[in-house]
Amino acid sequence: FFLPSFILETKSFNDELKRANFNPFFQKEKIVICSYQFAKSKDVYIRQIDWDLVVIDEAHRLRNVYKTTNKIAKAIKEALAHAPKILLTATPLQNSLLELYGLVSIIDEYSFGDLKSFKTQFARLANDSDFNELKRRLEPICKRTLRRQVLEYIKYTNRTCIVQEFTPQEDEQKLYDLVSEYLQRPNLYALPPGQRTLMTLILRKLLASSTYAISGTLQGLADKLEGTLQKQETQTLPFEEMIAQDYDNYDDEKDEWLEDDEEAEEKEERVYNPAEIAEIRQEIEALKQFKALAKSIRVNSKGEVLFTALARAFEKLQELGANKKAIIFTESTRTQEYLKNILEARGYKDQIVLFNGSNNDPKSNQIYQAWIKKHQGTDRVTGSKTADKRAALVDHFRDTATIMIATEAAAEGINLQFCSLIVNYDLPWNPQRIEQRIGRCHRYGQQFDVVVVNFLNKANAAEQRVYQLLDEKFQLFDGVFGASDEVLGTIESGIDFE
């Protein structure tokens, strides 16, 4: 739209300071664009600007602002308290009505009173009058447009959802049972006591993702405990960094699941008695055994089923005349690497592109350098390495690659209308994350019906239960916000795209 804009990140911020602009957020007649993390780190500068308007995109990221643990949302809310704001999101409600309270409080602190009175009035929505009162109170603040309301102007294609069930092999099931049993022990030394729920959740997700995803984490936990026993500095990463390396969406999960009353790990070095030291040694031994079992499993049944799903899906895309493209979502960077290796070994060599939080693998850097060279001197190049690298990877997927293997980093902010096949290799535990993923492809400009394949482990009780809850949770959106298109699909044994 020919609106001059300027991306602020560490490099461009420091360049502005060198030019004697002592508040780089002040840009004469330019729209300033920055990330949430950057805004939080520079909140002091932001609050000094007399903004005409602040647009908060993907505003659901601030939904937990009412929790004391939510530092990013709190910092942004306070820095922008004086500014007129518009919050944009396709998925305003994710897990709880309290998130509505959080988002509304960013616009108007007094609209619903305090958290306690909101909970008293709306936490249960016991009858129609409570429900209608909530809708009435939201009316002046929230404007929502559903796809079906714009069908007169925009042709949206349909979406078809299929569940691809699979049954793990005996050794995979054994690993699942052993780690599950371990996570249910009353006393675990490897997990920070204040974050046990969060860490258990992430370990369960890594376990459901692939044996490759969990094996490195198990080794990391064993190393951490050995370091504790040695009572000296080891070369191991701090616990949170180690988990974040394996699990690309760690910060968002922490935001969502860490409760206010859960405290961070004790900073003081704990002194263990002989009985506890013996227990720690046993725990190290158990973790090493689990890791050895995980390492010994060469073939994941889930990975094998992926080939069946892709072959049939691509056949169907060919019939429809759609591009032979698929985006596969996983929650683990290790699983991402595993999928790349097995796909390249079996017919997809040089057809894979990865997309994650860092995008720092050799192939991504090579794609980025070639893209910069190609677009040098044009306005395609923004000067922000992060933004340009994302654009380069999307262009490479569109023009060259057949499959993009992505973590949650690709669930927001990129447009993939040229792709109409989405594979949820790992099913998120939050219904709106699924909606966000599908929204990359099922959007304005998509020419074909979109097919979504959701993987489900028939022998994993946690996954079955999550699927059931996700199915129920989608009913949540019928009420306050109007129906979300069906995204989970009917369970089918085997996969029939016809």
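Refer to the structure printed above.
Residues numbered from 1 in each chain as written. Predicted model: local features only at pLDDT ≥ 70, side-chain atom pairs only at ≥ 80, totals over all residues. Heavy atoms only, no water.

Right, let's talk about helix α13 (residues 274-296) for a bit. The first and last C-alpha atoms of α13 sit 33 Å apart over 23 residues, in line with the 33 Å expected at 1.5 Å per residue. For α13, every residue scored as buried is listed here: Glu276, Ile280, Glu283, Ile284, Ala286, Leu287, Phe290, Leu293 and Ala294. Taken together, the buried residues of α13 touch α8 (170-183) and α10 (211-230). Measuring from the backbone nitrogen of Ala275 back to the side-chain oxygen at the start of α13 gives 3.1 Å, which picks out Asn273 as the cap. (Helix = DSSP H or I, 4+ residues; strand = E, 2+ residues; numbered from the N terminus. Expected span 1.5 Å × (residues − 1). Buried < 20%, exposed > 50% of the residue type's maximum accessible area, 1.4 Å probe, protein only. Contact = heavy atoms within 4.5 Å. Polar contact = N/O pair within 3.5 Å; in protein donor to acceptor, adjacent residues only side chain to side chain.)

We now examine a nonpolar patch on the surface. There is a patch of nonpolar side chains on the surface, built from Phe1, Leu3, Ile31 and Ile33 and spanning about 500 Å² of accessible area. Relative to the helices and strands, Ile31 resides in strand β2 (residues 31-33). (Patch = residues over 30% accessible without salt bridge, like charges linked within 9 Å, V, L, I, M, F, W, Y side chains within 5 Å. Areas by Shrake-Rupley, 256 points an atom, 1.4 Å probe, with all protein chains shown as cover. Salt bridge = Lys/Arg side-chain N within 4 Å of Asp/Glu carboxyl O.)

Here we take up the pairing of strand β8 (residues 403-406). Judged by which residues are buried, β8 turns out to be covered on both faces: Ile403 and Ile405 on one side and Met404 and Ala406 on the other are all buried. One ladder, built from four bridges, connects strand β6 (residues 326-329) with β8; its direction is parallel. If you follow Ile327 over to β8, its bridge partner there is Met404. Where strand β7 (residues 352-355) meets β8, four bridges bridge the pair, whose relative direction is parallel. (Pairing = 2+ DSSP bridges.)

This part is about the state of the cysteines. One pass over the full model with this rule turns up zero disulfides. Cys441 takes part in no disulfide bond, and the closest cysteine sulfur to it belongs to Cys419, at a distance of 4.1 Å. With relative accessibility at 0%, the residue Cys441 sits in the buried group. (Disulfide = S-S within 2.5 Å.)

Once that is clear, we can look at helix α5 (residues 98-107). Taken across its 10 residues, α5 has nine buried, putting it largely inside the fold. Every buried residue belonging to α5 is among Leu98, Glu99, Leu100, Tyr101, Gly102, Leu103, Val104, Ser105 and Ile106, and all of these are buried.

This part is about the packing of α10 against helix α15 (residues 333-345). Viewed as axis vectors pointing N to C, α10 and α15 meet at an angle of 135°, and their least axial separation amounts to 7 Å. Classified by the angle between their axes, α10 and α15 sit oblique to one another. For the element pair α10 and α15, the recorded crossing hand is right-handed. Along its contact with α10, which presents Tyr212, Ala213, Gly216 and Thr217, the element α15 presents Arg334, Thr335 and Tyr338. Its residues assigned to classes, the contact of α10 with α15 comprises three nonpolar, three polar and one charged. (Axes fitted to C-alpha atoms, helices over the stretch in contact; angles between N-to-C directions. Parallel < 35°, antiparallel > 145°, perpendicular 65-115°, else oblique. Left-handed = near helix turned anticlockwise from the far one by under 90°. Nonpolar A, V, L, I, M, F, W, Y, C, P; charged D, E, K, R; others polar.)

With that settled, consider the pattern of salt bridges. Overall, the coordinates contain 21 salt bridges when judged by the stated rule. The closest approach of N and O atoms between Arg63 and Glu99, which form a salt bridge, is 3.5 Å. Within this pair, whereas Arg63 is found in the loop between β3 (54-56) and α4 (71-79), its partner Glu99 is found in helix α5, the two being separated by 36 residues in sequence. The two residues Arg63 and Glu99 agree in class, both being buried. Asp399 is paired through a salt bridge with Arg398; the nearest N and O atoms lie 2.9 Å apart. The exposure class of Asp399 is partly exposed, given its relative accessible area of 48%. Counted as one network, the salt bridges with shared partners bring together Arg380, Asp395, Arg398 and Asp399.

In this structure, Leu175, Ile202, Ile214, Leu287 and Phe290 are the most contacted members of the largest nonpolar core, which totals 35 residues. Those elements that place two or more of their residues in this core are α8, α9 (196-209), α10, α11 (239-246) and α13. Apart from the residues within four sequence positions on either side, Leu287 is in contact with Tyr182, Ala190, Leu218, Leu221, Ala222 and Leu225. Among the nonpolar cores identified, the runner-up in size contains 34 residues, and Phe397, Ala401, Ile434 and Leu456 belong to it. (Core = buried A, V, L, I, M, F, W, Y, C linked by side-chain atoms within 4.5 Å.)

Under the counting rule described, the total for this entry stands at 15 aromatic pairs. When the centroid spacing of 6.3 Å and the interplanar angle of 55° are considered together, the rings of Phe314 and Tyr348 count as tilted. With a gap of 34 residues between them, Phe314 in helix α14 (residues 301-320) and Tyr348 in the loop between α15 and β7 connect regions that are remote in the sequence. Among the residues examined, Phe314 registers a relative accessible area of 6% and is labelled buried. With a centroid separation of 5.3 Å and 45° between ring planes, the pair formed by Tyr425 and Phe455 is classed as tilted. In this pair, Tyr425 is assigned in the loop between β9 (421-424) and α18 (431-439) and Phe455 in strand β10 (residues 450-457), connecting sequence segments 30 residues apart. There is no split in this pair, since Tyr425 and Phe455 are both buried. (Phe/Tyr/Trp six-rings, centres within 6.5 Å; stacked < 30°, edge-to-face > 60°.)

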